[in-house]
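# A look at the structure
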Amino acid sequence: MDSRRTILKYLAATGASTCGLNALASFAEQLKAEGNKPNIVCIVGEGLRWDELSSTGNKIVQTPNLDRIGRQGCTFKNAFVVNALCLPSRATFLTGLYSHTTGAVSNVEGKIPDRFPLVSDLLQKAGYETAFLGKSHIEGALMDHYWDYYFGFVGQADYYRPKITEGIAGKYAPARIYEGEYVDTLLTRKAIDWLKQPRTKPFCMFLWFYAPHAPFYRPKDMVNDLNGVPIPKPRSFDENLDGYRGKPRAVADADNKIGYSEVFSDDPRSLEELVKDHYVGVEDNDRNVGAVWQELERQKIVNDTAVLLSSDHGFFLGEHHLYDKRLMYEPSIRVPMMISYPGRVKAGAKSDEMVLNLDMAPTLLEIAGLPVPAEMQGKSMLPLAEGHANIPWRKDWLYEYYEYPGFENVRPCRGVRTDRYKLIHFFIEPQEFELYDLRTDPDEMNNLYGKPEYAELTAHLKERLTALRAETHDTYQYKPSGIPLHWDLGTQSESGLVKQPK
């Protein structure tokens, strides 16, 4: 933020009409020490797919405000999560660490140990005001950390009666129910109220939306949106009809299928219902982000603010007859990633490098001018966004998923993805594998594992999987989640999961 505007805000905040030379000189030194650090807005969607944006080619969804982040900044065309499940992914965003490192490996094993600082902790200690609004899913709902402002919840939220805790300066009031206002509208209204407050420091606001999360309730004014719009069927939609021929039983036996899932209130009964409800949730995200842009413009701080967008995971919208996430197929692991940072990132920039949710925390730190702790396992994306040439970057990466038995009955797996190939290993007995050539088979329909002509490639990818585990210090030993394999009637959703007593 520029110094003149900062000084005026400082005077307004303190109620001063005049200021002595000594006070101004002292404040100028403070500004110099801060180095005019940018404000930061970090937006994370709930199951927002990389291709649910107008700017990434979607012909049905209209997302001008989300697109703006990439239009005036950089779009990463190949962005992924390293564990496609809500809690583990959100923990990775905040720590820059793999699930196997923090131990936050499932939606019921979700505590981030105190020895791992959150990126928000580091920013706050460096002079940033920090705010968190929305769904954290982390055990303790992040309330064991200091926030200048907090308005959040753990996992599941009733769309029109959400139970939310509010906190100021690290002090939290009892959770209360907010009646009648759509949950993301409420989150955004509170975010804008906080943005309007006078301040003398740069801020970092985490705005993490809830929609479109099952059971996919829409805002009341959007209940008829997309009526009559045809929804194309994915090429792989009918793989279930021949029993997923060529694919592992781990895929065929998973419960996350459209039309016959066991999860009751989360069950999508048709492709059209699922896709349209998901798309409407994304369009609601877009208009809420538009309200944030409007407030940044009103304050004339757009050019002083870095805005980042990503998602906790992708989401199956009928590919392979699936919904939900977890499996290592592209719709589940691929997410949007955009950075707008005026003055540093050229408008309309694009990057083809493979970036990960591991990279968000290091990127936030570099934007703030802070060192990235050596323990973080991601890398700052900022040099890529700025267009620097010859930056050493990853050529492959490790995927992991552990929540089993449990919700959706997806067996644990690890995998390695390169720019062209993907090897997936379902590692508990009976062990199974999948191998795909993403260049010739982007829909991942032809499993090449076990074919003699791919033996050398398979051996190489297995070696890389072993090496990546070693490089990321993966000594994690899978253990059953403690969640029942199948569900009793009345089970509501993944966000209300609890371990069963031994």
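The structure reproduced in this document is the subject of the present report. Being a predicted model, the structure only gives us computed values, none of them experimental. (Residues numbered from 1 in each chain as written. Predicted model: local features only at pLDDT ≥ 70, side-chain atom pairs only at ≥ 80, totals over all residues. Heavy atoms only, no water.)

## A look at the overall build of the protein
When helices and strands are tallied, the protein shows 13 helices and 18 strands. Across the 502 residues in the protein, those meeting the buried criterion constitute 61%. For the protein, contacts bridging at least 24 residues in sequence account for 69% of all contacts bridging at least 6. Of the roughly 20100 Å² that the protein leaves accessible, carbon and sulfur atoms contribute 52%. (Helix = DSSP H or I, 4+ residues; strand = E, 2+ residues; numbered from the N terminus. Buried < 20%, exposed > 50% of the residue type's maximum accessible area, 1.4 Å probe, protein only. Contact = heavy atoms within 4.5 Å. Areas by Shrake-Rupley, 256 points an atom, 1.4 Å probe, with all protein chains shown as cover.)

## Things to note about the side chain of Asn288
Locating Asn288 in the fold gives a position in helix α9 (residues 271-298). In this view, Asn288 contacts Asp184, Thr185, Thr188 and Phe209; residues no more than four positions away in its chain are not counted.

## Description of the pattern of salt bridges
In total, this model carries 37 salt bridges according to the counting rule given. Arg245 is the salt-bridge partner of Asp242, the closest N and O atoms lying 3.3 Å from each other. Assessed through its relative accessible area of 39%, Asp242 is described here as partly exposed. By relative accessible area, which is 67% here, Arg245 ends up exposed. Within this structure, Glu46, Arg90, Lys135 and Asp312 form a network of salt bridges that share partners. (Salt bridge = Lys/Arg side-chain N within 4 Å of Asp/Glu carboxyl O.)

## Remarks on the nonpolar core
Formed by 89 residues in total, the largest nonpolar core has its most connected members in Phe76 and Phe206. Per element, the largest residue contribution to this core is five residues, and it comes from helix α11 (residues 360-367). Phe206 has contacts with Cys42, Leu94, Val119, Ser120, Ala131, Phe132, Leu133, Trp147 and Leu364, leaving out every residue within four places of it along the chain. Counting 56 residues, the second-largest nonpolar core is a separate cluster that includes Leu186, Ala191, Phe203 and Val302. (Core = buried A, V, L, I, M, F, W, Y, C linked by side-chain atoms within 4.5 Å.)

## What to know about the sheet that holds strand β18 (residues 432-437)
Strand order across the open sheet formed by four strands is β15-β16-β17-β18, with antiparallel pairing between neighbours. Both edges of this open sheet fall to β15 (396-401) and β18, since each of them pairs with a single strand only. Averaged over all pairs of adjacent strands, the angle between strand axes in this sheet comes to 15°, irrespective of strand direction. Relative to strand β17 (residues 421-426), strand β16 (residues 413-418) runs antiparallel, the two being bridged by five bridges. (Pairing = 2+ DSSP bridges. Axes fitted to C-alpha atoms, helices over the stretch in contact; angles between N-to-C directions.)

## Re the packing of aromatic side chains
Under the criterion given, the structure shown has 23 aromatic pairs. Geometrically, the ring pair formed by Tyr402 and Phe427 is edge-to-face, given 6.3 Å between the ring centres and 65° between the ring planes. Here the residue Tyr402 occupies a position in the loop between β15 and β16, and Phe427 occupies one in the loop between β17 and β18, the gap between them amounting to 25 residues. Residue placement shows Lys220 over the ring face of Tyr160; its charged tip is 4.7 Å from the ring centre. (Phe/Tyr/Trp six-rings, centres within 6.5 Å; stacked < 30°, edge-to-face > 60°. Lys NZ or Arg CZ within 6 Å of the ring centre and 35° of its normal.)

## Topic: unusual backbone geometry
Negative phi is the rule for most residues except glycine; trans is the rule for most peptide bonds. Backbone torsion omega between Ala211 and Pro212 reads 0°, so that peptide bond is classified as cis. Relative to the elements of secondary structure, Pro212 occurs in the loop between β8 (203-208) and α8 (249-252). The omega torsion across Glu429 and Pro430 is -5°, close enough to zero to call that bond cis. Phi at Ala141 is positive, roughly 55°, even though this residue is not glycine. Positionally, Ala141 belongs in the loop between β3 (129-135) and β4 (149-153). Relative accessible area serves as the criterion here: at 3%, Ala141 is assigned to the buried category.

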